[in-house]
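Here is how the chains run, residue by residue.
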Amino acid sequence: MHIEFDGPLSGANATTLRQVLEALLERIQARDEALDLNALSRIVVADDLAAAEQKFGVTPAEAEHLSRIVSDEGGLALLFDGTKLWSILSGEGAEIARLIHHLHKECWRLHDFLQAAPPEAETPLGRALAPIIGAMWQEYRINRRSAWSVPADSDLLLNHLAALVQALPEGMQEEITLYFADQDLDSLFAKSMGRIAHLMQAVAHVQGYLDGLGQPLKAVSAEMAEFVAGSFLSPLWLATAQHLSAGHALEPGELADAPLRRDVQAAFASFGLQLREEDGDVFVDVQPLSRPEILH
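About the cut-offs
- Within any chain, residue numbers begin from 1 and follow the written order of that chain's sequence.
- Where local features are concerned, this predicted model is filtered to residues with pLDDT of at least 70; where side-chain atom pairs are given and counted, the filter is 80 or more; whole-chain, interface and lining totals use all residues.
- Processing note: side-chain calculations cover all non-hydrogen atoms of the structure and skip hydrogens and water entirely.
- Only protein chains enter the accessibility calculation, which uses a 1.4 Å probe; a residue whose area is less than 20% of its type maximum is buried, one above 50% is exposed, and one in between is partly exposed.
- Strands are runs of DSSP state E lasting at least two residues, helices are runs of H or I lasting at least four, and both sets are numbered from the N terminus onward.
- In this description, strands pair whenever DSSP reports at least two bridges between them.
- In plain words, nonpolar cores are sets of buried Ala, Val, Leu, Ile, Met, Phe, Trp, Tyr and Cys residues tied together by side-chain atoms within 4.5 Å.
- Here, two residues are considered to be in contact whenever any of their heavy atoms come within 4.5 Å of each other.
- Angles run from 0 to 180 degrees between N-to-C directions of axes, and those axes are lines fitted to C-alpha atoms, restricted for helices to the stretch in contact.
- For classification purposes, an angle smaller than 35 degrees is called roughly parallel, one larger than 145 roughly antiparallel, one from 65 to 115 roughly perpendicular, and anything else oblique.
- For a crossing to be left-handed, the near helix must be turned anticlockwise from the far one by less than a right angle; the clockwise case is right-handed.
- Three categories are distinguished: nonpolar for Ala, Val, Leu, Ile, Met, Phe, Trp, Tyr, Cys and Pro, charged for Asp, Glu, Lys and Arg, and polar for the others, with Gly belonging to the last.

Describe in detail the pairing of strand 2 (residues 40-46), supporting the description with residues and values.
The buried fraction of strand 2 amounts to 6 of the 7 residues, a majority that puts the element mostly inside the structure. For strand 1 (residues 3-6) and strand 2, the ladder comprises 4 bridges, and the chain directions are parallel. Within strand 2, the residue paired with Phe5 across the bridge is Val45. The pairing of strand 2 with strand 4 (residues 75-81) spans 6 bridges and is classified as parallel. Directly across from Ile43, in strand 4, lies its bridge partner Leu78.

If you want it as structure tokens, here you go:
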């Protein structure tokens, strides 16, 4: 594995950083025999991650991040923030445990780049919901495969999911109220799509970990299981969990995607938004409206 160092701090600690990264990768690959890292051309540890991202022709991510996968002359490069990486290695064991899990997940993202893309959905609704379904599968599969390295103190994103479930009814009602005021259905659909996508991605994220650990939600957090059971998410949670687990055993494609598409439609329906197809278009009926509106 070719590892490069860019910057005075990373360069000065290159020997240690190289030994750690090589040892971690060796451990991960020994544990996950199906992991294929042939797409990875090199690892670059840079003091200035934003500058490194620009060198590879990508706009630096706005959110704080430890690493980034970028295209690299037909392959892929894994860029690391050398300052943060060295700080983690100089810190406590809990931080190093989180680093191991982070690298583990990045490895599976690199693996997935080599996989053939599933066939494009054939229906308008399938194409409209494809980004949500794709994001759900990515979260679920990566977390399920990397669950063995998850740190003991991780909350598995349960707090984030709980916050989403609490906030979503009011947020969706606000979008629907605005729609009744301005009749802008395209805006309603776009904003509600973003909210539902965030929710379903979080559900898949949590369920991936649970299935990877072989534990039901109640075993991990009885409090969260009780919260979900008493929320609008309850029937959706049960169905989506079953569909993710069953679809994981199938080849990517329509058989795995169709049940999740119905789950996403059910999530919209929870808030009075009925999605349907007619004459090659996607329609949404906004309750309690008596007439359908069309989305172009």
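A description of the nonpolar core should follow, citing residues and the corresponding values.
One finds Leu161, Ile196, Met200, Leu233, Trp237 and Val264 to be the most contacted residues of the largest nonpolar core, which totals 52 residues. Of all the secondary-structure elements, those providing two or more residues to this core are helix 6 (124-145), helix 7 (158-182), helix 8 (185-213), helix 10 (222-229), helix 11 (234-248), helix 12 (254-269), strand 5 (273-278) and strand 6 (281-286). Ranked by residues supplied to this core, first place goes to helix 8 with 14 residues. Met200 has contacts with Ile132, Met136, Leu236, Thr240, Asp263, Val264 and Ala267, leaving out every residue within four places of it along the chain. Ranked by size, the runner-up nonpolar core spans 27 residues in total, among them Leu35, Leu78, Leu99 and Trp108.

With reference to specific residues and values, describe the packing of helix 5 (residues 93-113) against helix 6.
How two helices pack is summed up by the angle between their axes together with the distance between the axes. Between helix 5 and helix 6, the least distance of the axes is 9 Å, while the angle of their chain directions is 125°. Classified by the angle between their axes, helix 5 and helix 6 sit oblique to one another. Here helix 5 and helix 6 pass one another in a crossing that is right-handed. When helix 5 is examined against helix 6, the residues His104, Lys105, Trp108, Arg109, His111 and Asp112 are found in contact with a partner set consisting of Ile142, Asn143 and Arg145. In terms of residue class, the contact of helix 5 with helix 6 is made up of 2 nonpolar, 3 polar and 4 charged.

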